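Fold and geometry: a report
Residues per chain are reported as follows:
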Amino acid sequence: MNRELILRFKEIVGEKNLIYEKEKMVDYSHDEVSLSEIYNLPDIILKPENSYQISEIIKICEAEKIPLTARGGGTGLSGGCIPVYGGVVIDFENMKKVIEVDKENFTITVEAGLTLREFYDICAKNGMFFPPHPGDESATIGGLIATNAGGARAVKYGVMRNFVRGVEVVLADGSIENIGGKYKKSSSGYSLLNLFIGSEGTLGIITKATISLLPPSEKVYTLIIPFENLKQAIKISPLIIQNGIIPLAIEFLEKNTIKLVENYLNKKWPCEIGNAYLMVMVDGKETETLMMAENIAQIVTENGALDVFIIEDEKRQKEVLDIRSMIYEALKSNTLEILDVTVPISRIYDFVCEVKKIEEKYATYIPTYGHAGDGNIHNHIMKAKFKDDKWIEIENSKEKYKIIKNDIYLVAKKLNGIISGEHGIGYLKREYLPLFFSEKQIKIMKEIKKIFDPNNILNPGKIF
Ligand SMILES: Cc1cc2nc3c(=O)[nH]c(=O)nc-3n(C[C@H](O)[C@H](O)[C@H](O)COP(=O)(O)OP(=O)(O)OC[C@H]3O[C@@H](n4cnc5c(N)ncnc54)[C@H](O)[C@@H]3O)c2cc1C
């Protein structure tokens, strides 16, 4: 990037909000996926303070055909915010304002750089509840919308898409558009709002968002349910729903995965017995929540559960949720990639069995766990396995990695699933997109991209 361009960007954001020294850019060259082959540095990092500055930045990028990538918390798991062609990275750390708390409409409007942790605090202070819980609370509102993030608590209330009422976006030509609003219903032509949710920074830059909220639940219980085997655990989830109970979360986990996290965090899972677990969360009014917990306890006990641990204490519930949320962290240094396919809930067990066959075929280790309530499953493709209290390298893991990934996607497709349930396509999954969509559908998606971004400056190299 030449000096003249750097000076123009400096005029927009000011000296303190610009980084162009290579040694200070390393953190911006990756997200939470540790693959070294996608490691790439931007040419310049800009930290704008408002939408107008972003508009001026985009106008320069558009005129000079400079790639521009938005970066939120950098917690993504698909290489989405990596500047694969260099250029400008926009860091949202200076855009965290709370613009409005509207108690009558039960919405909060914020700037896109606010983190999830900060957003939960603001909601709590104002007597409001934001149900989605993607595992890493340093993710930003902009990133959560751009990936249509989900998380464990999506079973009852849904994912980001169910909570975004409106966004302000800066388009590739620099125009600032308000899409949506505070209204709840709309049957008014194509939904541009829904197009932006999950667009991974490829159609425009999200600068503000109006999020709809709920009143806090009076009570939440977490149930930990051990089973002899994974089949029993997974097959019970639909029974809970068929009995008229929609829990906040239903997660399935295996004992060996839990052991790894216990070691990593030095925290204890509430039970030792069993080889597989369901973690079920229920919420609502005090008496009805207890009744739901007791009904679930009865259903699972009649269907093979070895025991049921109902946790009421809030601190203990948080510890258990933390253990679940930290699985990725515990496995990260030995993970090549974490996948997030979604299959119909009736096919979760078939999917898990097929993945076990792939694990055996390639003599590898594929820890698998996930959201049993909505069919969204995480598989880690590993470079080492944990044996006798230590990590042992898997032979030829890098060579086998893409074959294993392809095989897992073929299983997902066979079972009528989809490639990504919550992390997005980003850079890492783009070559597999055609497995799940027809040529015609991909052509339509590309044409939409061209309408919004004719010069392909917005996060190029992602999704397609
Ligand atoms: C331990 C751990 C657990 C996780 N658990 C979950 C989970 O349960 N569920 C889940 O859904 N995800 C989960 N994630 C993934 C991740 O947290 C989400 O994808 C999150 O939405 C990313 O937000 P971010 O701000 O970090 O975005 P980034 O990683 O910075 O960016 C992600 C994508 O969004 C785009 N983007 C960011 N900001 C903007 C903006 N303002 N405008 C336009 N585009 C933008 C980027 O260009 C990129 O394409 C987990 C990650 C970790 C590390």
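Report follows, based on the coordinates. (Residues numbered from 1 in each chain as written. Predicted model: local features only at pLDDT ≥ 70, side-chain atom pairs only at ≥ 80, totals over all residues. Heavy atoms only, no water.)

1. Observations regarding the overall build of the protein
Note the threshold: Helical segments are the DSSP runs of H or I of at least four residues, strand segments are the runs of E of at least two, and each set is numbered from the N terminus. C-alpha atoms define the radius of gyration in this analysis, and the globule rule sets the expected value at 2.2 Å times the number of residues to the power 0.38. A simple rule labels every residue: compare its accessible area, found with a 1.4 Å probe on the protein chains alone, to the largest value its type can have, and call it buried under 20%, exposed over 50%, or partly exposed in between. What makes two residues a contact is simply this: any of their non-hydrogen atoms within 4.5 Å.
In terms of helices and strands, the protein carries 15 helices and 18 strands. Relative to a compact globule of 464 residues, whose C-alpha radius of gyration would be 23 Å, the protein shows 22 Å and is just as compact. Seen along its three principal axes, the alpha-carbon backbone of the protein occupies a region of about 70 × 60 × 45 Å. Burial statistics for the protein: of 464 residues in total, 55% are counted as buried. Residue pairs at least 24 apart in sequence account for 72% of intrachain contacts in the protein once pairs closer than 6 positions are excluded.

2. Some thoughts on the packing of helix H12 (residues 348-361) against helix H13 (residues 397-414)
Threshold: Axis definition: a line fit to C-alpha positions, over the contact stretch in the case of helices; interaxial angles, taken between N-to-C directions, run 0 to 180 degrees. These descriptions rest on fixed angle ranges, namely under 35 degrees for roughly parallel, over 145 for roughly antiparallel, 65 to 115 for roughly perpendicular, and the rest for oblique. Note: crossing handedness is left-handed where the near helix turns anticlockwise from the far helix by less than a right angle, and right-handed where it turns clockwise. Three classes are used, and their members are as follows: Ala, Val, Leu, Ile, Met, Phe, Trp, Tyr, Cys and Pro are nonpolar, Asp, Glu, Lys and Arg are charged, and the others, Gly among them, are polar.
At their nearest, the axes of H12 and H13 sit 10 Å apart, and the two run at 155° to each other. Accordingly, the angle class assigned to the pair H12 and H13 is roughly antiparallel. Helix-helix and strand crossings are classified by hand; for H12 and H13 the assignment is right-handed. For the pair formed by H12 and H13, the contact residues are Phe 351, Glu 354, Val 355, Ile 358 and Lys 361 on the first element and Ile 404, Asp 407, Ile 408, Val 411, Ala 412 and Lys 414 on the second. By residue class, the composition of the contact of H12 with H13 is seven nonpolar, no polar and four charged.

3. Describing helix H10 (residues 314-325)
Every α-helix winds through 3.6 residues per turn, so residues three or four apart in the chain are directed the same way. The line we're drawing: Helix span is expected to be 1.5 Å times the residue number reduced by one.
The end-to-end C-alpha separation of H10 is 16 Å, in line with the 16 Å expected for twelve residues at 1.5 Å each. Residues Gln 317, Val 320, Leu 321, Ile 323, Arg 324 and Ser 325 constitute the buried set of H10.

4. Considering unusual backbone geometry
Trans peptide bonds make up most of the peptide bonds, and negative phi angles are found at most residues other than glycine. Positive phi is not limited to glycine here, since Phe 106 has a value of about 55°. Structurally, Phe 106 is set in the loop between strand S5 (98-102) and strand S6 (107-111). Even without being a glycine, Asn 456 presents a positive backbone phi close to 50°. Its location among the elements puts Asn 456 in the segment after helix H15 (439-452).

5. Notes on helix H7 (residues 230-242)
Note the following rule: Polar contacts here mean pairs of N or O atoms no more than 3.5 Å apart (in protein, one a potential hydrogen donor and the other a potential acceptor; neighbouring residues in sequence count only if both atoms are side-chain atoms).
All buried positions along H7 are accounted for by Leu 230, Ala 233, Ile 234, Ile 236, Ser 237 and Ile 240. Turning to H7, the residues buried within the fold contact strand S10 (219-227), strand S11 (249-254), strand S12 (276-284), helix H9 (286-302) and H12. Here H7 starts with a cap whose side-chain oxygen sits 3.2 Å from the backbone nitrogen of Lys 231, and that cap is Asn 229. Gly 244 occupies a position one or two residues after H7 and carries a positive phi of about 85°.

6. Focus: the side chain of Glu 111
Considering the arrangement of structural elements, one finds Glu 111 in strand S6. Given a relative accessible area of 4%, Glu 111 falls into the buried group. Within the structure, Glu 111 has its side chain in polar contact with the backbone nitrogen of Lys 96 (distance 3.2 Å). Apart from the residues within four sequence positions on either side, Glu 111 is in contact with Glu 49, Asn 94, Met 95, Lys 96, Lys 97, Ile 99, Ile 141, Thr 207 and Lys 208.

7. Re the sheet that holds strand S7 (residues 164-170)
Here is the rule: Strands pair, by our definition, only if DSSP identifies at least two bridges between them.
Sheet architecture is open: five strands sit in the order S5-S6-S9-S7-S8, paired in antiparallel fashion. Looking at which strands have only one partner, the edges of the open sheet turn out to be S5 and strand S8 (176-180). In this sheet, neighbouring strand axes are inclined to one another by 10° on average, regardless of whether the strands run parallel or antiparallel. In terms of strand pairing, S7 meets S8 through five bridges, oriented antiparallel. Of the residues in S8, the one forming a bridge with Glu 168 is Asn 178. Where helix H3 (residues 116-125) meets the sheet, its contacts fall on S5, S6 and strand S9 (205-212), and the angle it forms with S6 comes to roughly 145°.

8. Here we look at the site of the ligand
Note the cut-off: Only heavy atoms are used to decide nearness, and a residue is near a molecule or strand if one of them lies within 4 Å of it. All accessible-area figures derive from a Shrake-Rupley calculation using a 1.4 Å probe, and residue coverage is judged against the displayed protein chains alone.
Near the ligand you find 36 residues, and of these Ala 70, Gly 72, Gly 73, Thr 75 and Thr 140 are the closest. Separating an oxygen atom of the ligand from a backbone N or O atom of Gly 74 is a distance of 2.9 Å. One nitrogen or oxygen atom from the main chain of Gly 76 is found 2.8 Å from an oxygen atom belonging to the ligand. Protein coverage of the free-state accessible area of the ligand, which is 970 Å², stands at 97%. Those elements that place two or more of their residues in the shell around the ligand are strand S3 (68-71), helix H4 (141-147) and S9. Ranked by residue count, the leading element in the shell around the ligand is H4, at five residues.

9. Some points on the packing of H7 against H12
Two measures define how a pair of helices packs: the angle their axes make with one another and the distance between the axes. At a minimum axis separation of 9 Å, H7 and H12 run at an interaxial angle of 150°. Of the possible angle classes, the one that applies to H7 and H12 is roughly antiparallel. For the pair H7 and H12, contact is made by Leu 230, Lys 231, Ile 234 and Lys 235 and by Ile 348, Tyr 349 and Val 352, respectively.

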